[in-house]
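Descriptive structure summary
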Amino acid sequence: MTSLLKSLFLRNSSVHWHLLQRVATRSNTTTNTFNTAVEAAEKLVQPTKEKSFNDPFSIVSHEMSSLAKLIASLIGSGHSTLNRVSSYYFEAEGKNVRPLVVLLLSKALLNIPAEERNRIRIDSQDVTDQPVYPGTPQGTVLAGNSVNQLISPLAVLHGINPKVILDPLLKPMDHLPQMDAANGILPKQRRLAEIVEMIHTASLLHDDVIDLSDARRGRPSGNIAFTNKMAVLAGDFLLGRASVAIARLRNPEVIELLSTTIANLVEGEFMQLKNTVISSDESINNDGEIKDVPKPTGKVPVEQHNYRVEKPQGVDHEVNVDAAFEYYLHKTYLKTASLMSKLSRAAAVLSGAQDDIIENCYEYGRNLGLCFQVVDDMLDYTSSNSAIGKPSQADLKLGLATAPILFAWREEPKLGELIARKFAEPGDVDIARRAVDRYGGLEKTRAMAQDYCTRALTNLRKLPESDARSALEFLTNSVLTRTK
Ligand code: FPP
Ligand code: MG
């Protein structure tokens with residue numbers, strides 16, 4: 001009994017009490033036995049000294065618990081309001097999937113024999129030959145401090161406001177090197193975890209402005225709490241600070257990867273604005289030239305998007321739907337899987353692993369990212385606002401055609417008209433929702449996510465067996481089964 005309960009708890013820490021009840025009832029227990037089972041279960045969920053290998057947080061809990069604090073040390077400025085806005089989303093608990101993947105993957109890669117991790121020189125050796133300018137801290141560069149070491153002269157970075165500490169990255173983080181050394185995660189990989197969360201958070205600040213959102217992480221979203229303008233600027237600021245930190249990783253390959261993710265996020269968002277492969281932008285002619293640039297009015301435009309979807313003449317329905325799926329998946333890669341795949345690749349590059357491992361880590365992140373977003377698109381149909389801490393059922397209202405409605409469209413060609421007009425007419429959203437139910441759009445979407453999850457697990461199995469790999473497997477399965 002205890003081992004069954006234990007395996008239940010370890011397999012899914014959010015297991016519900018009713019499940020316990022079922023376990024107890026099925027084994028013909030009395031109320032007394034049930035109470036014993038509950039007590040045993042309670043003991044199991046108490047933190048113990050023993051490491052639970054299936055809990056992804058436990059392996060890197062040290063690093064994860066200081067993540068927010070370390071990010072805060074990267075985004076301080078001399079402007080109190082800017083500080084408030086740019087730290088706003090870090091104050092509320094997010095899923096932190098991206099930094100978790102960086103840290104666990106970094107740890108999993110440590111199980112590759114050291115002599116096979118020689119693609120790059122690791123850490124202090126590749127930093128000591130960097131230029132040292134007058135006014136910068138001199139002496140031996142510790143591995144843990146190298147990510148804080150500036151590259152340009154301090155006077156240049158400080159610019160015209162020398163009173164303000166413009167370089168929070170220069171603050172010593174004495175406690176870091178030893179801790180990292182103990183865990184095997186390199187300081188650069190650790191900084192990578194912070195950087196990717198900063199990029200992700202910047203994109204959320206901007207996304208909430210674009211999506212006219214009013215809530216995130218159970219609180220008013222940044223645009224509501226501080227205005228659109230401040231939310232946009234805070235997002236830009238986070239990107240600026242992330243870029244400085246990226247440069248100080250001093251690895252051109254990683255700089256290229258991370259900078260590309262920022263561009264990809266924007267490209268993905270642009271594709272989402274256009275929404276489907278058969279859309280045509282009214283302001284762009286057939287040669288792709290801008291026909292008519294609107295005159296600035298100084299007023300906020302009432303219409304959110306200015307795109308029109310045309311039904312192509314003489315195109316086979318199946319071909320059309322296939323093209324829409326291709327477009328959707330490309331958009332999904334750019335919007336979500338690009339960051340996940342490139343951060344996984346960057347963690348592998350920084351570990352010094354060989355090309356085939358780097359490629360496999362990239363594929364893992366890609367499959368995980370696609371799974372993550374496809375599940376997100378499914379949850380948008382199934383969850384309540386309170387469950388996910390942000391507005392649910394928003395996609396159709398925003399005119400977005402994601403996997404569930406595309407699956408329904410394959411069965412019901414007439415839905416193309418609704419997709420084309422972005423569900424803008426009264427009743428369109430309800431018709432679309434009913435069609436999704438009728439044609440099993442959610443089940444098919446789940447199957448699609450499951451397929452990406454399976455592929456991601458296959459990628460993981462190409463890494464040496466370890467606790468960190470098990471934790472990544474657990475995390476990957478949780479991305480599929482999550483409810484928020
Ligand atoms: C959430 O999507 C948004 C993203 C995954 C990316 C948004 C990207 C931009 C706004 C481009 C700008 C990028 C940067 C780096 C500043 P969602 O709306 O489907 O999810 P949600 O329900 O959480 O809002
Ligand atoms: Mg959004």
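Structural data are supplied above this passage.
The notes below deal with the structure included here. Please read all numbers here as calculations on a predicted model, not as lab measurements.

**Some thoughts on the overall build of the protein chain**
A tally of helices and strands in the protein chain yields 24 helices and four strands. Split into buried and exposed, the 484 residues of the protein chain put 49% on the buried side. With an accessible surface of roughly 24000 Å², the protein chain has 55% of that area assigned to carbon and sulfur atoms.

**Side note on helix 22 (residues 428-438)**
Taken together, the buried positions of helix 22 are occupied by Asp-428, Ala-432, Ala-435 and Val-436. Down the axis, helix 22 shows its buried residues gathered within 100° of arc, on one side only. Summarising the geometry of helix 22, the exposed residues directed more than 90 degrees from the buried face are Asp-437 and Arg-438. In the core, the buried residues of helix 22 are packed alongside helix 18 (355-382), helix 20 (403-411), helix 21 (415-420) and helix 23 (441-460). Directly after helix 22, the chain includes Gly-440, whose backbone phi takes a positive value near 65°.

**So, unusual backbone geometry**
In this structure, Asn-96 takes a positive phi of about 55° despite not being glycine. Examined against the element boundaries, Asn-96 turns out to sit in the loop between helix 7 (80-91) and helix 8 (97-109). Positioned with a positive phi, Lys-422 is a non-glycine residue whose angle comes to about 55°. Relative to the helices and strands, Lys-422 resides in the loop between helix 21 and helix 22.

**Details of the pattern of salt bridges**
Inspection of every chain in the model, using the stated rule, returns 16 salt bridges. Taking the shortest distance from any N to any O, the salt bridge between Asp-376 and Arg-482 comes out at 2.9 Å. Here Asp-376 is found in helix 18, whereas its partner Arg-482 is found in the segment after helix 24 (467-481), with 106 residues between them in sequence. You can call Arg-482 buried: its relative accessible area is 11%. Among the ionic pairs, Lys-444 bridges to Glu-411, the shortest N-O distance being 3.6 Å. Here Lys-444, found in helix 23, pairs with Glu-411, found in helix 20; they are 33 residues apart in sequence, far enough to count as distant. Taking the relative accessible area as the measure of exposure, Lys-444 reaches 31% and is therefore partly exposed.

**Comments concerning the site of ligand 1**
Around ligand 1, the structure places 14 residues, and the nearest of them are Asp-207, Asp-211, Arg-216, Lys-335 and Lys-390. Here an oxygen atom of ligand 1 and a side-chain polar atom of Asp-207 are 2.8 Å apart. Contact distances for ligand 1 include 2.6 Å between an oxygen atom and a side-chain N or O atom of Lys-335. Look at ligand 1: alone it shows 630 Å² of surface, and the protein chains cover 90% of it. When residues of the shell around ligand 1 are traced back to their parent elements, those giving at least two are helix 13 (187-210) and helix 16 (252-274). Per-element tally for the shell around ligand 1: the top contributor is helix 13, with five residues. Class assignment for the residues of the shell around ligand 1 results in five nonpolar, three polar and six charged.

**Examining helix 13**
Helix length check: helix 13, at 24 residues, gives a terminal C-alpha distance of 35 Å against a target of 34 Å (1.5 Å per residue), a fit within 8%. Leu-212 sits one or two residues past helix 13 and shows a positive phi near 50°.

**A closer look at the packing of helix 17 (residues 317-351) against helix 20**
Remark: helix 17 packs on helix 20, axes separated minimally by 10 Å, with the N-to-C direction vectors making an angle of 170°. As judged from the angle between their axes, helix 17 and helix 20 are roughly antiparallel. From helix 17, His-317, Glu-318, Asn-320, Val-321, Asp-322, Ala-324, Phe-325 and Tyr-328 reach across to helix 20, where they touch Ala-403, Leu-406, Phe-407, Trp-409 and Arg-410. Of the residues assigned to the contact of helix 17 with helix 20, the class counts are eight nonpolar, two polar and three charged.

Reading guide: rules and limits
- Residues numbered from 1 in each chain as written.
- Chains lettered and ligands numbered in written order.
- Predicted model: local features only at pLDDT ≥ 70, side-chain atom pairs only at ≥ 80, totals over all residues.
- Heavy atoms only, no water.
- Helix = DSSP H or I, 4+ residues; strand = E, 2+ residues; numbered from the N terminus.
- Buried < 20%, exposed > 50% of the residue type's maximum accessible area, 1.4 Å probe, protein only.
- Areas by Shrake-Rupley, 256 points an atom, 1.4 Å probe, with all protein chains shown as cover.
- Arc of directions from axis to C-beta.
- Contact = heavy atoms within 4.5 Å.
- Salt bridge = Lys/Arg side-chain N within 4 Å of Asp/Glu carboxyl O.
- Near = heavy atom within 4 Å.
- Polar contact = N/O pair within 3.5 Å; in protein donor to acceptor, adjacent residues only side chain to side chain.
- Nonpolar A, V, L, I, M, F, W, Y, C, P; charged D, E, K, R; others polar.
- Expected span 1.5 Å × (residues − 1).
- Axes fitted to C-alpha atoms, helices over the stretch in contact; angles between N-to-C directions.
- Parallel < 35°, antiparallel > 145°, perpendicular 65-115°, else oblique.

Read these as layout, nothing more, since geometry by itself doesn't imply function.
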